[in-house]
Amino acid sequence: MDYKIISDGCCDLTEDVIRQYDLHIVPFYISFDEEHYEKEIEEIAIRDVYERMVKEPAVFPKTSLPSVQNYIDAFMLYVNQGIPVICICFTPSLSGSYNSACNAKEIICEEHPDARIAVINSQAATVSQALMVIEAGRMRQDGISYEECIEILEKMKKTNRIFFTVGNIDYLKHGGRIGKLAGLAGSALAIKPLITLVDGAIESSGVGRSRKKTVAKTVTLAENYFASTGEDAKDYRMAVGFGYDEAEGRDFYQTVSERFGAECGEVKLVQIGATIAVHTGPYAIGIGCVKRYECFR
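Predicted model only: the values in this text are computed from it and were never measured. (Residues numbered from 1 in each chain as written. Predicted model: local features only at pLDDT ≥ 70, side-chain atom pairs only at ≥ 80, totals over all residues. Heavy atoms only, no water.)

1. Structural notes on the overall build of the protein
1) Next: Summing up its helical and strand segments, the protein has 10 helices and 13 strands in all.
2) Next: Relative to the compact-globule value of 19 Å for 297 residues, the protein shows a C-alpha radius of gyration of 19 Å, a close match.
3) Next: Overall, the protein is about 55 × 50 × 30 Å in size when its C-alpha atoms are taken along their principal axes.
4) Next: Here the protein holds 297 residues, and 53% of them are scored as buried.
5) Next: As displayed, the protein has an accessible area near 12,900 Å², and 48% of this comes from carbon and sulfur atoms.
6) Next: Here the protein holds 32 positive side-chain charges and 42 negative ones, and the gap between their average locations is 7 Å. (Helix = DSSP H or I, 4+ residues; strand = E, 2+ residues; numbered from the N terminus. Rg over C-alpha atoms; globule rule 2.2 N^0.38 Å. Buried < 20%, exposed > 50% of the residue type's maximum accessible area, 1.4 Å probe, protein only. Areas by Shrake-Rupley, 256 points an atom, 1.4 Å probe, with all protein chains shown as cover. Lys, Arg positive; Asp, Glu negative; His and termini not counted. Charge placed at Lys NZ, Arg CZ, Asp CG, Glu CD.)

This is the structure:
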């Protein structure tokens, strides 16, 4: 049986990938004045978001999550055709998008008890969420059943990681998403935090003084992950995410590809979207990984 893969806009996938896997994306909204909200990508380009963040550093933009009605509208397109839905959402520790999708499912199923809607908490964001959505798309194209796809995604999400750094912790602090980095908040030092997103939450993984060294240390974090868990990098897909500085992103992509490309195959390059940028600032950069679906069969 065919089914539809839906994700919220935090997956940061490009139009060509969305077309390749026939995905449906439910966008977030972004505002620089807390009054006027625009749909990410559709109404405001990611580059424009970054330009404003860099030019107006004292202004902290905010996002508005997809509403319950946004999800109802998306789901009903397929429920009305008898097509099952799998919706992969941004980690609820950073957004209410997952809860909106769950509420939409509950409302629809009350009126349409035969509707088949699975809402997955990806425990991921940006590049690692992107990789999970792509794996779901691959499963669909490869003829994996609806039920098995859901089962694999629930196992897969426990393997996703992001190893990254940011320009500073101001955005995380301002947005109330500082979590386990709280101990760094009062530091007067110009430190650059190293962060891991694991099980949907941010964890401190060290600090650095220079941008160049801290970015390089994210590669070490990824290497240490595979060394400490005994996992084989060949079983994983990887992606590099970057924010405002595309040149830095492409240089880092080259470094990661040289280190992991032979093992993981093609490493994807993803520009981090506005949904995450409002939490991390314009200078986030890092590596995401998730286990390939074939490893769970």
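2. With respect to the packing of helix H5 (residues 126-141) against helix H6 (residues 146-156)
1) Next: Remark: H5 packs on H6, axes separated minimally by 11 Å, with the N-to-C direction vectors making an angle of 155°. In terms of their interaxial angle, H5 and H6 are classed as roughly antiparallel. Here the hand of the crossing between H5 and H6 comes out right-handed. The residues of H6 that touch H5, namely those facing Met132, Glu135, Ala136 and Met139, are Cys149, Ile152, Leu153 and Met156.
2) Next: Residue classes in the contact of H5 with H6 are distributed as 7 nonpolar, no polar and 1 charged. (Axes fitted to C-alpha atoms, helices over the stretch in contact; angles between N-to-C directions. Parallel < 35°, antiparallel > 145°, perpendicular 65-115°, else oblique. Left-handed = near helix turned anticlockwise from the far one by under 90°. Contact = heavy atoms within 4.5 Å. Nonpolar A, V, L, I, M, F, W, Y, C, P; charged D, E, K, R; others polar.)

3. Focus on the sheet that holds strand E2 (residues 24-26)
1) Next: Judged by pairing direction, the sheet is parallel, and its 4 strands sit side by side in the order E2-E1-E6-E7 without closing on themselves. Of all the strands in the sheet, the pair left with one neighbour each is E2 and strand E7 (117-121). Across the sheet, the axes of successive neighbouring strands diverge by a mean angle of 20°, strand direction being ignored.
2) Next: Here 4 bridges tie strand E1 (residues 4-8) to strand E6 (residues 85-89), and the two strands are oriented parallel to one another. (Pairing = 2+ DSSP bridges.)

4. So, H6
1) Next: Residues of H6 that are buried: Tyr146, Cys149, Ile150, Ile152, Leu153 and Met156. The buried residues of H6 all sit within an arc of 165° when viewed along its axis, so they share a single face.
2) Next: Close packing links the buried residues of H6 with E6, E7, H5 and strand E13 (285-291). (Arc of directions from axis to C-beta.)

5. What about the packing of helix H3 (residues 68-79) against helix H4 (residues 97-111)?
In a pair of packed helices, the angle between the axes and the distance between the axes together describe the arrangement.
1) Next: Remark: H3 packs on H4, axes separated minimally by 8 Å, with the N-to-C direction vectors making an angle of 50°. As far as their axial angle goes, H4 and H3 are oblique. The two elements H3 and H4 meet at a crossing, and its hand is right-handed. Listed contacts from H4 to Val68, Tyr71, Ile72, Phe75, Met76 and Val79 of H3 are Ser97, Ser100, Ala101, Asn103, Ala104, Lys105, Ile107 and Ile108.
2) Next: Within the contact of H3 with H4, the residues separate by chemical class into 10 nonpolar, 3 polar and 1 charged.

6. Describing the sheet that holds strand E3 (residues 29-31)
1) Next: Pairing in this open sheet of 3 strands is antiparallel, and the strands run E4-E3-E5 from one edge to the other. If you trace the sheet from one side to the other, it starts and ends with strand E4 (38-39) and strand E5 (62-64), each paired once.

7. Brief notes about unusual backbone geometry
1) Next: Of note, Thr126 is a non-glycine position whose phi angle comes to about 35°, a positive value.
2) Next: Considering the arrangement of structural elements, one finds Thr126 in helix H5.
3) Next: Positive phi outside glycine occurs at Asp199, with the angle close to 55°.
4) Next: You can see Asp199 is positioned in the loop between strand E9 (192-198) and strand E10 (201-208).
5) Next: In this structure Asp199 comes out as exposed when scored by relative accessible area, which is 51%.

8. Structural notes on the packing of aromatic side chains
1) Next: Taken as a whole and judged by the stated rule, the model has 10 aromatic pairs.
2) Next: Measuring from centroid to centroid gives 5.7 Å for Tyr71 and Phe75, while their planes differ by 40°, and the two rings are tilted. A residue pair is termed a helical-turn pair when its members lie 3 or 4 positions apart in one helix, as Tyr71 and Phe75 do in helix H3 at 4 residues. In terms of burial, Tyr71 and Phe75 fall into one category: buried.
3) Next: Ring pairs connect the aromatic residues Phe163, Tyr225, Phe226, Tyr236 and Phe260, which therefore count as one cluster. (Phe/Tyr/Trp six-rings, centres within 6.5 Å; stacked < 30°, edge-to-face > 60°.)

9. A word on the pairing of E10
1) Next: Summarising the sheet, E9 and E10 pair through 6 bridges and their orientation is antiparallel. Across the sheet, the residue bridging to Ile195 is Ser204, located in E10.
2) Next: The hairpin turn running from E9 into E10, its antiparallel successor, is 2 residues long, and Asp199 in that turn takes a positive phi close to 55°.

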